[in-house]
Amino acid sequence: MKALPLILASGLLAACAGQPTEQTHYLEGEVFYLQRMALPPTATLSVSLQDVSLADAPAKELARQEGPVKGQVPLSFRLDYDPAKVQPNHRYAVSARIESEGRLMFISTEHHSVKLDGTDPRPLRIKVDPVR
């Protein structure tokens, strides 16, 4: 009978070890364009979350989703990021681009700021414009 409490305690510890202690932080949204055209089957979508705080330095990427386009616009995305990399007084933005066979077709041309404090709209809507 002395072994029963030990077995129960071991089971409880094992169950707790499998539970995630951190909440997943992410941004969800969709990329769209206004042109009435279908994307080629070779199209790829790339969406990036960046720290754009420093004007004289390249943006630091916190998260990226990249892969083949599935379907037509609007194109869904989800950016999972590490909240430990978010600095309180920094500025963050999301950008997107659509390419096909190494050629840029669409890119976001407007600044899409995000706060990363839980108040960002869901879904984020990112408009991309054609590249001529």
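For the structure given in this document, a descriptive report is provided here. In this text, all values refer to a predicted model and were calculated from it rather than measured experimentally.

Now for the overall build of the chain. Scanning the chain for helices and strands turns up one helix and nine strands. When the helices and strands of the chain are read in sequence order from the N terminus, they spell out α-β-β-β-β-β-β-β-β-β. Within the chain, the proportion of its 132 residues that are buried is 30%. Long-range contacts, defined as pairs at least 24 residues apart, comprise 64% of the intrachain contacts of the chain with a sequence gap of at least 6. Approximately 9,100 Å² of the chain is accessible, and the part contributed by carbon and sulfur atoms is 55%.

This part covers the pattern of salt bridges. Counting across every chain of the model gives six salt bridges. R64 is the salt-bridge partner of E66, the closest N and O atoms lying 3.7 Å from each other. One salt bridge in this structure joins D129 and K127, with 2.7 Å as the shortest N-O distance. Look at the salt bridges and you will find they share partners, linking E61, R64 and E66 into a network.

Turning to the nonpolar core, a few remarks are in order. Soluble globular proteins: nonpolar side chains tend toward being buried together. Counting 26 residues, the largest nonpolar core has V31, L39, L49, V94 and I98 as the members making the most contacts within it. Listing elements by their share of this core, those giving two or more residues are β1 (25-32), β2 (43-51), β3 (60-68), β4 (75-81), β5 (92-100), β6 (103-107) and β8 (124-127). Discounting residues that sit within four places of it in the chain, V31 has contacts with L45, V47, V73, P74, L75, F77, A96, I98, I126 and V128.

Turning our eyes to something else, we now look at unusual backbone geometry. For residues other than glycine, phi is negative in most cases, and the peptide bonds are mostly trans. Residue P74 is reached from V73 by a cis peptide bond, and omega for that bond is 0 degrees. Inspection of the secondary structure puts P74 in the loop between β3 and β4. Cis geometry marks the peptide bond from R122 to P123; its omega dihedral reads 0 degrees. Along the chain, P123 falls in the loop between β7 (113-114) and β8. In this model, E101 sits at a positive phi of 50 degrees, which is unusual for a non-glycine residue. Along the polypeptide, E101 turns up in the loop between β5 and β6. Positive phi outside glycine occurs at L116, with the angle close to 60 degrees.

Ordered in space as β4-β1-β8, the three strands form an open sheet in which the pairing is mixed. Every other strand in the sheet has two partners, leaving β4 and β8 as the edge strands with one partner each. The average angle at which neighbouring strand axes cross in this sheet is 30 degrees, direction not considered. Taken together, the seven bridges between β1 and β4 define a ladder with antiparallel strand orientation. Bridge pairing in β4 links E28 to R78.

Here is what the cut-offs are and how they apply
Residues numbered from 1 in each chain as written. Predicted model: local features only at pLDDT ≥ 70, side-chain atom pairs only at ≥ 80, totals over all residues. Heavy atoms only, no water. Helix = DSSP H or I, 4+ residues; strand = E, 2+ residues; numbered from the N terminus. Buried < 20%, exposed > 50% of the residue type's maximum accessible area, 1.4 Å probe, protein only. Contact = heavy atoms within 4.5 Å. Areas by Shrake-Rupley, 256 points an atom, 1.4 Å probe, with all protein chains shown as cover. Salt bridge = Lys/Arg side-chain N within 4 Å of Asp/Glu carboxyl O. Core = buried A, V, L, I, M, F, W, Y, C linked by side-chain atoms within 4.5 Å. Pairing = 2+ DSSP bridges. Axes fitted to C-alpha atoms, helices over the stretch in contact; angles between N-to-C directions.

Keep in mind that these numbers describe shape and distance, not what the molecule does.
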